Structure formats: C-alpha cells, structure tokens
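Tertiary structure, described
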Amino acid sequence: MSKFFALIPAAGFGARMKTNLPKQYLSLGGRPMIYYAVRTLYLSPDITNVVVILSPEDREWLKYDWSEFSSKLIVLNCGGETRAMSTLNGLMAISESSLIHDEDWVLVHDAARPCLSEELLKRMLDELSKDTVGGLLAVPISDTLKRSGINDRVQETESRKNLWQAQTPQMFRLKLLMNALCKPNSVTMTDDASAVEALGLYPKLVLGDVRNIKITYPKDLSLAELILREQQGEV
Ligand code: CTP
Ligand code: MG
C-alpha cells in the first residue's frame, strides 16, 4: 500500500506582500498563516507525515509551539532559491530516509494557502489515489478573459473554454516528482504539475474550491480571514 506524505514549501519571502516578515508567518486569526496548512494536512487520517521546508535563514518557525503536530511533523531547513528548488531539496532529503518509498504519494501544498478544507483534501485523495500520473486541485475560470495591448487597452478577448486555475495540493508519486523537478527547466516553474507535464504526462485536474485562495498581496489577508472564520463555523 502506498503511503501519503504532505510537503509544504515555506522558504519564500513573500516579495509581493511587501512586509518585512515572510508572508507565511503573517498573523491570520491569531496564528501564523502556515499554521492552517500544517493543521489541515496533519488532521487527514491518510497522511502519515507533514514535511515543512524552511529557508536556512528562517528566524520565525521556532518562535511558535508546534508540539500539537509533533507525531507527524518533519521540519527541514533546506529551502532553495525557487519554490521548485525548495520542493526538490525537501524530496531529496526525505527520500534518503527509510520512511518513504519511490511509489509513495507526495502532496505538495503552499504554506500560503491557509483555507484548504479537510473535505476538499479528502476529495482529492479519493479521486487520485488510484491514478497512474497524479494531479492537482484546480478551478475552471469563470471570468471573461481579456488580453491587453498598448496602454492597457483590450487587444483581444480570449476564450475561457478548457482553462483552469491551478491550486495546491498537487499530488504525485515521489520518484516521478523528483525526476520531474530535477530537470533544469523545472527550476523556475511555479507549480509541480508543470514539471510533470514537461515529461509528457497529463496530470488530472480535480475540482478545487475558489475559497482555497493563495495569499499573495496584502488585500488577500482579510478575505482569508473571512473564509477561515466561515469554515470554523463562526459566521
Ligand atoms: N516558496 C519556497 N521557496 C522559495 C519560494 C517560494 O518554498 N524559494 C514557497 C512559499 O513559501 C510559498 C509557496 O512556495 O509557500 C508559493 O510561493 P509564493 O506564493 O510565490 O510565495 P513567495 O515566493 O514567498 O512570494 P513572492 O512570489 O511574492 O515572493
Ligand atoms: Mg514566489
């Protein structure tokens, strides 16, 4: 039986957030943002370990008490210059242990997506655990798409047919994902599926949820707070 591991790349600095504190530690509902991703993955009965990849320069993680998650948590200070490098470094580190095998599943989930629900995570595991390639959460685009030309004037309206927005988790088997991410072109790819696609494979799109937002800009924080409050049944 294949096991399921979660890996949270959390070695970025959140440049677009324009705060001194790396965004994964910004306060959300009284907790550092990364707390929610760790918690949801930890709570899944199917996931055996949650691996957090921090920057070697991280000064924040140890300021918090993570003991409630200690039975599953593995923390590694091996983050790299890009998300793909952080993820690959983490995969290489765990692959050297006897905990994980080539065919075990790895769910890579952004520290900056605190609103992943337990239900959505379960749906993904149910839909993909028998898949030969693996896949990712994504939502079909609902807005009309415009391509801009000069001076932000519309040059063209694009069809949104068959277009999806990629989310995380993205779930692939350990060996496949390592093979994909170690290709030179993968270094700058902003998700795991792109690297797998570049091998000529077709990851499965699993219907995600618009509430599984990624926090990128300051305005995203208040929306995340509302979503979390609703999920916790406080609204
Ligand atoms: N990440 C990482 N290592 C990097 C860059 C990003 O582990 N060198 C992680 C981030 O910490 C985040 C996830 O990848 O959890 C998604 O990346 P993104 O939202 O782009 O975060 P940042 O790169 O930190 O933000 P920005 O692009 O605005 O600098
Ligand atoms: Mg980034």
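Everything that follows concerns the structure shown earlier in this document.
This section reports on the structure supplied with the text. (Residues numbered from 1 in each chain as written. Chains lettered and ligands numbered in written order. Predicted model: local features only at pLDDT ≥ 70, side-chain atom pairs only at ≥ 80, totals over all residues. Heavy atoms only, no water.)

**Considering the overall build of the protein chain**
What counts is decided by this rule: By the criteria applied, helices consist of DSSP H or I runs no shorter than four residues and strands consist of E runs no shorter than two, each listed in order from the N terminus. When checking whether two residues touch, look at their non-hydrogen atoms; a contact exists if any pair is within 4.5 Å. We treat Lys and Arg as the positive residues and Asp and Glu as the negative residues; His and chain ends play no part in the count. A charged residue contributes its charge at one atom only: NZ of Lys, CZ of Arg, CG of Asp or CD of Glu.
Looking only at helices and strands, the protein chain features six helices and eleven strands. Dimensions along the principal axes, computed over C-alpha positions, put the protein chain at roughly 55 × 40 × 35 Å. Partitioning the intrachain contacts of the protein chain with sequence separation of at least 6 by distance along the chain shows that 72% fall at a separation of at least 24. Distance between charge centroids for the protein chain: 4 Å, based on 27 positive and 29 negative side chains.

**Observations concerning the environment of Pro56**
With respect to the helices and strands, the residue Pro56 is situated in the loop between strand S4 (47-54) and strand S5 (73-76). Note: C-alpha distance between Pro56 and Leu136 (80 residues apart in sequence) is 28 Å. Not counting chain neighbours up to four residues away, the residues in contact with Pro56 comprise Asn77 and Gly79.

**A look at the site of ligand 1**
Basically, it comes down to this: The criterion for a residue being near a molecule or strand is simple. One of its heavy atoms has to lie within 4 Å of it. In protein, a polar contact requires one atom able to donate a hydrogen and another able to accept it; more generally it is a pair of N or O atoms within 3.5 Å, and residues adjacent in sequence count only if both atoms are side-chain atoms. Residue burial considers only the protein chains on display, and all accessible areas are found by Shrake-Rupley using a 1.4 Å probe. When residues are sorted by character, Ala, Val, Leu, Ile, Met, Phe, Trp, Tyr, Cys and Pro go into the nonpolar class, Asp, Glu, Lys and Arg into the charged class, and all the rest, Gly among them, into the polar class.
Residues in contact with ligand 1 amount to 18 residues; listed here are only the nearest, Pro9, Gly14, Ala15, Ser86 and Lys214. One of the side-chain N or O atoms of Arg16 is found 2.9 Å from an oxygen atom in ligand 1. The contact in question runs from an oxygen atom of ligand 1 to an N or O atom on the backbone of Ala111, over 3.0 Å. Burial of ligand 1 by the protein chains amounts to 87% of its free accessible area of 560 Å². Listed by contribution, the elements that provide at least two residues to the shell around ligand 1 are strand S1 (4-10) and helix H2 (83-95). Taken together, the residues of the shell around ligand 1 sort by class into seven nonpolar, five polar and six charged.

**Overview of the pattern of salt bridges**
Condition: Each reported salt bridge corresponds to a side-chain nitrogen of Lys or Arg within 4 Å of a carboxyl oxygen of Asp or Glu. Exposure categories follow from relative accessible area, calculated using a 1.4 Å probe and restricted to protein chains: below 20% of the type maximum is buried, above 50% is exposed, and the middle band is partly exposed.
Throughout the structure, instances matching the rule amount to nine salt bridges. Of the charged contacts, one joins Arg113 and Asp110 as a salt bridge, the two residues approaching to 3.4 Å between their closest N and O atoms. The two residues Arg113 and Asp110 agree in class, both being buried. Of the charged contacts in the structure, one is a salt bridge between Arg147 and Glu158, with a shortest N-O distance of 2.6 Å. You can see Arg147 sitting in strand S8 (residues 145-148) and its partner Glu158 sitting in strand S9 (residues 154-158), a full eleven residues away along the chain.

**What to know about the side chain of Gln170**
You can see Gln170 is positioned in strand S10 (residues 164-173). According to the relative accessible area criterion, Gln170 is buried, its value standing at 1%. Within the structure, the side chain of Gln170 is placed 3.0 Å from the backbone oxygen of Gln167, a separation counted as a polar contact. Here the side chain of Gln170 touches Ala193 through a polar contact of 2.8 Å, landing on its backbone nitrogen.

**Comments concerning the sheet that holds S4**
Note the following rule: Strand pairing is assigned whenever DSSP detects at least two bridges linking the two strands. Note on geometry: axes are lines fitted to C-alpha atoms, helical ones only across the stretch in contact, with angles between N-to-C directions running from 0 to 180 degrees.
Overall, mixed pairing links the seven strands, which are arranged S5-S4-S1-S6-S10-S7-S11 in an open sheet. The sheet terminates laterally at S5 and strand S11 (204-207), the two strands that pair on one side only. In this sheet, neighbouring strand axes are inclined to one another by 30° on average, regardless of whether the strands run parallel or antiparallel. Across the sheet, helix H1 (residues 34-43) is in contact with S1, S4 and S5; its angle to S1 comes to roughly 175°. Lying over the sheet, helix H4 (residues 174-181) contacts strand S6 (105-108) and S10, oriented at roughly 120° with respect to S10.

**Things to note about the state of the cysteines**
Chemically, a disulfide is nothing more than a covalent bond linking the sulfur atoms of two cysteines. We apply this condition: Cysteine sulfur atoms that come within 2.5 Å of each other are treated as a disulfide pair.
Tallied over the entire structure, the rule returns zero disulfides. Free cysteine: Cys78, not disulfide-bonded; nearest cysteine sulfur from Cys182 at 15 Å.

**Considering the packing of H2 against H4**
Describing two packed helices takes the angle between their axes plus the distance from one axis to the other. Rules: Should an angle lie under 35 degrees it is considered roughly parallel, over 145 roughly antiparallel, and from 65 to 115 roughly perpendicular; all remaining angles are considered oblique. It is the rotation of the near helix from the far one that decides the hand of a crossing: anticlockwise by less than a right angle makes it left-handed, clockwise makes it right-handed.
Closest axis-to-axis distance for the H2/H4 pair is 10 Å, and the angle between their directions is 135°. Judged by the angle between their axes, H2 and H4 are oblique. H2 and H4 meet at a crossing whose hand is left-handed. Two secondary-structure elements touch here, H2 through Ala84, Thr87, Leu88, Leu91, Met92 and Ser95 and H4 through Leu174, Leu177, Met178 and Leu181. Split by residue class, the contact of H2 with H4 holds eight nonpolar, two polar and no charged.

Any functional reading would require information beyond the geometric quantities listed.
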